[in-house]
Amino acid sequence: MGSVCVEELLEDLKVFGVGYEAEEVPEKLVELCMRHRLAPSDLANELVAFTTTKEEDSLLTVETLSVFEHEVLNKRVTKAHRKKDNRYSGIKDINAIQELIDVEEEEENLLDAYTTPSKGSQKRNITTPENPRSKRTLSSRSPHLLFSPNSFSPSATPSQKYGSRGNRGEVVTSFGSVQGTSWSGKGGHGSSVKLFGSSEESLTKSYKFMFQKLHDIREVLSWKIEELGDALKKHYKIEEFTSVLVPAQEPVTVLGQIGCDSNGKLNAKSVILEGDREHSSGGQVPVDLSELKEYSLFPGQVVVMESTNNTGGKLVASKLYEGVPLPFYQSTEQDEDLEQQMVLVACGPYTTSDSITYDPMLDLIDIINKDKPDVCVLFGPFLDAKHEQVENCQLTRSFEDVFKHCLRMIIEGTRSAGSQLVFVPSLRDVHHDYIYPQPPFSCYELSKDDKQRVHFVSDPCTLTINGVVFGLTSTDLLFHMGAEEISSTSGVTDRFTRILKHVLTQRSYYPLYPPSEEMNVDYENFYNYVHLPVTPDVLIAPSELRYFIKDVLGCVCVNPGRLTKGQVGGTYGRLYVQRQDAKEERKSPCVAAQVVKI
């Protein structure tokens, strides 16, 4: 066996110009192969990579091989970890899976015995055979939820803060009236989840990006101003718009887009109005807001205002026309299915910042199996680009592999519940396209049975769930717009309500321009896919900001919060929706909604 091993190895090394002189070298190579259980080709690859990084000749010596063993081979992942990586690659029956679970627990106990004294060892000291370990073990889960974080992270310990949290299941905010105390659905039976409108109006696949001309961006912004200007002109029966650059001693009506006169944050003294192309040729002029009693403005907002312009160099605004939202969708289908549906919504991250064990996700799966919601809308990030182990490059598997593990855990873990699953990507999903609008996930292959109940959609996206229109976006527009908006109000108004009102009246999932610095926007696809086709019945807009449920202009807007916040547990949302008969006068189809602690 030794001669065969060394012949193959020397032949592979010779191809890359790596030779030897000392007679002891072949014996040392055979020894390394057997000691580290490496195939000849694997050892050859490691040696070639090692020699190319050293500024020495390509002749191997015994001393060189000793350094190679110390610096490379001794730091390789152990055989036990390599077996874990390949353990789940094939399809196994329930008995085989249970054996794997038992073997893994034995290995974990053995590894625990070699750890240095730490918080982990203190935790073991207070554990007795009569009291099982508080650490979540895989054997307490269904085999269908087989998910070993150890296979892609060297430090997969549960979060102590998350495990010791209180107020689990506490309702933190409510909307509407809930009949009874329990929430439950029918597990997706009779639920219909569809993209709103035709497939051409929705983003359904990836696209090429990273190249766009300034002229094309300017065209998109001009079209946005003109389209919203036409809608306001018809609604308020305005005869004609005037150029922002023409002197006018009498009040005139002008159309344009709010901007800032510098690269800093917008304030009352730095507001400019960029006129439309048709009437103002895109001219810019400062705006004096001192005569306005109330206003709420942000960069990128399309406005119609009455103003005077004595010199042609400054607009003195006297009136702002309020934006007009799109109409609600009225279904013409005479569908008899008007039953109440339960919809669960949750937003990542699905594991705490100090752990990669995905315990919060496992708890969410338990809730789905218990309550059996008809539809579950799950927003990214599923593997967060801001997670400590991602930022520090501590994962031993590719980002895509870890993401697939997460999806497999959710899809297989909720199969018994039967709920329809909707996955919405996030710009913080480290493995996915970092562009807005963001195409649906495409790397996960669904089985034939799962294709009927699992839906991958874009960010943003408009869906109908049994005729109720849902607007979905994982982008934190509340945080982005809240940082840029300026306002002056006589009464006490809520900033969240103002921002959501802007979203509905500007008829866009992301009306802010320029966008947040963390956003990469493709404006050609932005024009096609980021506008609101109708005013949704329910708008789900997760944010880092405080959770809420609000009725804004007849649209129920929900921020369910995030499932985790740093090292502690967060919140998720649940709704009861029921489509009304098309013959009746419209009322909100959202019967009740709650935000609940995980």
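Residues numbered from 1 in each chain as written. Predicted model: local features only at pLDDT ≥ 70, side-chain atom pairs only at ≥ 80, totals over all residues. Heavy atoms only, no water.

Asks: Report on helix 4 (residues 62–71), specifying residues and quantitative values.
Replies: All of the buried residues along helix 4 are Thr64, Leu65, Phe68 and Glu69. Viewed end-on, helix 4 has its buried residues packed into an arc of 135 degrees, placing them on one side of the element. Residues of helix 4 that are exposed and point over 90 degrees away from its buried face: Glu63 and His70. Contacts made by the buried residues of helix 4 are with helix 2 (24–35), helix 3 (40–53) and strand 2 (59–60). (Buried < 20%, exposed > 50% of the residue type's maximum accessible area, 1.4 Å probe, protein only. Helix = DSSP H or I, 4+ residues; strand = E, 2+ residues; numbered from the N terminus. Arc of directions from axis to C-beta. Contact = heavy atoms within 4.5 Å.)

Asks: If you had to explain the nonpolar core to someone new, which residues and values would you point to?
Replies: One finds Tyr350, Tyr358, Met361, Leu364, Phe382, Phe423 and Tyr572 to be the most contacted residues of the largest nonpolar core, which totals 36 residues. Those elements that provide at least two residues to this core are strand 11 (341–347), helix 11 (359–371), strand 12 (375–379), helix 13 (399–413) and strand 13 (420–424). Not counting residues up to four positions away in its chain, the partners in contact with Met361 are Tyr350, Phe382, Cys406, Met409, Ile410 and Leu563. (Core = buried A, V, L, I, M, F, W, Y, C linked by side-chain atoms within 4.5 Å.)

Asks: Which residues make up the sheet that holds strand 16 (residues 468–472), and what values go with them?
Replies: What the six strands build is an open sheet, ordered 4-15-16-18-20-19; its pairing is mixed. Both outer strands of the open sheet, strand 4 (193–195) and strand 19 (548–552), are each paired with one neighbouring strand and no more. With direction set aside, neighbouring strand axes in the sheet form an average angle of 25 degrees. Where strand 16 lies against strand 18 (residues 538–540), three bridges are found, and the strand directions are parallel. Its bridge partner lying in strand 18, Gly471 is registered against Leu539. Against the sheet, helix 15 (residues 495–505) makes contact with strand 18, strand 19 and strand 20 (555–559), and its axis sits at roughly 50 degrees relative to strand 19, the strand it touches most. (Pairing = 2+ DSSP bridges. Axes fitted to C-alpha atoms, helices over the stretch in contact; angles between N-to-C directions.)

Asks: Give me unusual backbone geometry: which residues, what numbers.
Replies: Between Asp459 and the following residue, Pro460, the backbone shows a cis peptide bond with an omega angle of -5 degrees. Counting through the fold element by element, Pro460 comes out in the loop between strand 14 (454–456) and strand 15 (461–465). Along the chain, Tyr513 connects to Pro514 via a cis peptide bond; the corresponding omega equals 0 degrees. Positive phi values are uncommon outside glycine, yet Tyr358 reaches one of about 60 degrees.

Asks: Requested: an account of the pairing of strand 6 (residues 271–275), with residues and values cited.
Replies: With five of five residues buried, strand 6 lies mostly within the body of the structure. The two faces of strand 6 match: Val271, Leu273 and Gly275 on one face and Ile272 and Glu274 on the other face are all buried.

Asks: Tell me about a negative patch on the surface, and name the residues and values.
Replies: On the surface, a cluster of negative charge is made up of Glu23, Glu24, Glu27 and Glu63. We classify Glu24 as partly exposed; its relative accessible area is 47%. (Patch = residues over 30% accessible without salt bridge, like charges linked within 9 Å, V, L, I, M, F, W, Y side chains within 5 Å. Areas by Shrake-Rupley, 256 points an atom, 1.4 Å probe, with all protein chains shown as cover. Salt bridge = Lys/Arg side-chain N within 4 Å of Asp/Glu carboxyl O. Lys, Arg positive; Asp, Glu negative; His and termini not counted. Charge placed at Lys NZ, Arg CZ, Asp CG, Glu CD.)

Asks: Residue-level account of empty space enclosed by the protein, with values.
Replies: A water-sized probe rolled over the atoms picks out the places where empty space is left. Taken as a whole, this structure holds three cavities of 30 Å³ or more when the rule is applied. Taken together, 15 residues make up the lining of the second largest cavity; nearest its centre are Tyr329, Gln330, Gly467, Arg579 and Gln580. Taken together, the residues that form the lining of the second largest cavity break down as five nonpolar, four polar and six charged. (1 Å grid on protein atoms, 1.4 Å probe; cavity = no way out; pocket = protein on both sides within 12 Å on 5 of 7 lines; lining within 4 Å. Points joined across faces, edges and corners; volume = space filled by probe spheres on them. Nonpolar A, V, L, I, M, F, W, Y, C, P; charged D, E, K, R; others polar.)

Asks: Tell me about the packing of aromatic side chains, and name the residues and values.
Replies: Considering all chains together, one arrives at 18 aromatic pairs under this definition. Consider the rings of Trp183 and Tyr576, whose centres lie 4.3 Å apart with planes at 5 degrees: the pair is stacked. Here Tyr576 lies in strand 23 (residues 571–577) and Trp183 lies in the loop between strand 3 (171–176) and strand 4, a separation of 393 residues in the sequence. The exposure classification of Trp183 matches that of Tyr576, with both residues buried. (Phe/Tyr/Trp six-rings, centres within 6.5 Å; stacked < 30°, edge-to-face > 60°.)

Asks: Requested: an account of the pattern of salt bridges, with residues and values cited.
Replies: Overall, the coordinates contain 21 salt bridges when judged by the stated rule. Among the ionic pairs, Glu69 bridges to Lys28, the shortest N-O distance being 3.9 Å. Here Lys28 lies in helix 2 and Glu69 lies in helix 4, a separation of 41 residues in the sequence. Judged by its relative accessible area of 9%, Glu69 falls in the buried class. The closest approach of N and O atoms between Asp450 and Arg453, which form a salt bridge, is 3.8 Å. Here the two residues Asp450 and Arg453 agree in accessibility, since each one is buried. A cluster of three or more residues bridged by salt bridges with shared partners is formed by Asp384, Arg428, Glu544 and Arg562.

Asks: With reference to specific residues and values, describe the pairing of strand 9 (residues 302–309).
Replies: Counting buried positions along strand 9 yields seven of eight residues, so the element is predominantly enclosed. Judged from the seven bridges that link them, strand 5 (residues 248–260) and strand 9 form a sheet pairing that is antiparallel. In the strand pairing of strand 9, Gln257 is matched with Val302. Across four bridges, strand 9 lies against strand 10 (residues 315–320) in antiparallel orientation. Bridging across to strand 10, Ser307 finds its partner in Ala317.

Asks: Outline the confidence of the model for the protein chain, listing residues and values.
Replies: Summing up the model confidence of the protein chain, the mean pLDDT is 85 and the portion of residues at 70 or higher is 84%. Low pLDDT (under 50) marks residues 77–92, which in the prediction has 19 contacts with non-local residues, meaning those over four places away or in another chain. Here residues 117–146 scores under 50 on pLDDT; set against residues more than four positions off or in separate chains, the count is 38 contacts. (pLDDT = per-residue confidence, 0-100.)

Asks: Tell me about the sheet that holds strand 24 (residues 590–597), and please be specific about residues and values.
Replies: In space, the seven strands of this open sheet follow the order 3-24-23-11-12-13-14, with mixed pairing throughout. Of all the strands in the sheet, the pair left with one neighbour each is strand 3 and strand 14. On average, each strand axis in the sheet is tilted by 15 degrees relative to the strand beside it, whichever way the strands run. With five bridges connecting them, strand 11 and strand 23 associate as antiparallel partners. Bridged to Met342 within strand 23 is Tyr576. Against the sheet, helix 11 touches strand 11, strand 12 and strand 23, its axis set at about 180 degrees to strand 11. Running over the sheet, helix 13 touches strand 12, strand 13 and strand 14 and is turned about 160 degrees from strand 13.

Asks: Any details on the environment of Thr61? Residues and values, ideally.
Replies: Structurally, the position occupied by Thr61 is in the loop between strand 2 and helix 4. Overall, Thr61 belongs to the partly exposed group, its relative accessible area being 29%. For the pair Thr61 and Gly19, spaced 42 residues apart in sequence, the C-alpha to C-alpha distance is 9.4 Å. Side chain to side chain, Thr61 and Thr64 meet in a polar contact 2.7 Å long. (Polar contact = N/O pair within 3.5 Å; in protein donor to acceptor, adjacent residues only side chain to side chain.)

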